[in-house]
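As a plain string of letters, each chain reads:
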Amino acid sequence: STTPQLLHLGDSNGPIVPCFTTPPLNGPAVHHKRSGHTATLLPSTNELLLFGGVSTATGKWLNSLSVLQTDSWKWSNTNNSTKQRILGDFPQPRSYHTAVLLGDEKRVVILGGNDEAKSFGGQSVSVLDTSRAVWSWFHPTCRGRQGVPSGRTGQAAILMADGTSILVYGGWDP
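Small disclaimer: the values here were computed from a predicted structure and weren't measured.

Colleague: Even after reading the chapter, I still don't get the side chain of Ser95, so can you show me in this structure?
Modeller: Of note, Ser95 is situated in the loop between strand E9 (86-87) and strand E10 (98-101). For Ser95, a relative accessible area of 1% puts it in the buried group. There is a polar contact of 3.0 Å between the side chain of Ser95 and the side chain of Trp61. If we ignore the near neighbours within four places in the chain, the residues touching Ser95 are Gly36, Gly53, Val54, Trp61, Gly113, Asn114 and Thr153.

So, in structure tokens, the structure goes:
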């Protein structure tokens, strides 16, 4: 579905009482219905970034980035948005990847996932830098003491307390 749902868990001091609501979207909906994508919130700007996934209409893997302004509930597609351009090469289309916001709350790390032919390993790490007016993608070269991880999809990843290390766990190589 292209309609976001908010899950309210109640008062922070009271019991958890789950309740779903639909925010009032302004303007057109996101351009692709998708599954297997990631959603990452930039807290300083209240922008929700949707990246990748599989189009539920066409079955094609996506590498598009759509942004939901959660203050105004308005979508924009950064591939052709008048708001901003993104420099650099977008990551390869993928689904069931992870997206982790670093501790600076300006850089989002995309790793793993799969497309129709393969899963992406440790050499397929991409970073979206949102610290400037014009955002940019870059693709660092990865190293590892025990080697770079093999391809994985459907893994979990969390940011560690140091704000720059990401713990990746699980997943499989389809």
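Colleague: It is not clear to me how the pairing of strand E15 (residues 166-169) should be interpreted in this structure. Could you clarify?
Modeller: Successive side chains on a regular strand alternate, one facing one side of the sheet and the next facing the other. In terms of strand pairing, strand E14 (residues 156-159) meets E15 through four bridges, oriented antiparallel. Paired with Leu159 across the bridge in E15 is Ile166. Between E14 and E15, which pair antiparallel one after the other, the connecting turn spans six residues, and Gly163 there sits at a positive phi close to 80 degrees.

Colleague: Is there a simple way to think about the packing of aromatic side chains in this case?
Modeller: Aromatic ring pairs are defined here through the distance separating the ring centres and the angle between the ring planes. Counted according to the given criterion, the structure contains two aromatic pairs. Between the aromatic rings of Phe90 and Trp137, the centroid separation amounts to 5.6 Å while the plane-to-plane angle is 55 degrees, which identifies the pairing as tilted. A residue pair is termed long-range when its members are at least 10 positions apart, and Phe90 in the loop between E9 and E10 and Trp137 in strand E13 (residues 135-138) qualify at 47 residues. On the basis of relative accessible area, Phe90 is assigned to the partly exposed category, the value being 23%. Taking the relative accessible area as the measure of exposure, Trp137 reaches 5% and is therefore buried. Cluster of aromatic residues (ring-pair linked, three or more members): Phe51, Phe90 and Trp137. Sitting over the face of the ring of Phe120, Arg94 holds its NZ or CZ atom 4.0 Å from the ring centroid.

Reading guide: rules and limits
Residues numbered from 1 in each chain as written. Predicted model: local features only at pLDDT ≥ 70, side-chain atom pairs only at ≥ 80, totals over all residues. Heavy atoms only, no water. Helix = DSSP H or I, 4+ residues; strand = E, 2+ residues; numbered from the N terminus. Buried < 20%, exposed > 50% of the residue type's maximum accessible area, 1.4 Å probe, protein only. Polar contact = N/O pair within 3.5 Å; in protein donor to acceptor, adjacent residues only side chain to side chain. Contact = heavy atoms within 4.5 Å. Pairing = 2+ DSSP bridges. Phe/Tyr/Trp six-rings, centres within 6.5 Å; stacked < 30°, edge-to-face > 60°. Lys NZ or Arg CZ within 6 Å of the ring centre and 35° of its normal.

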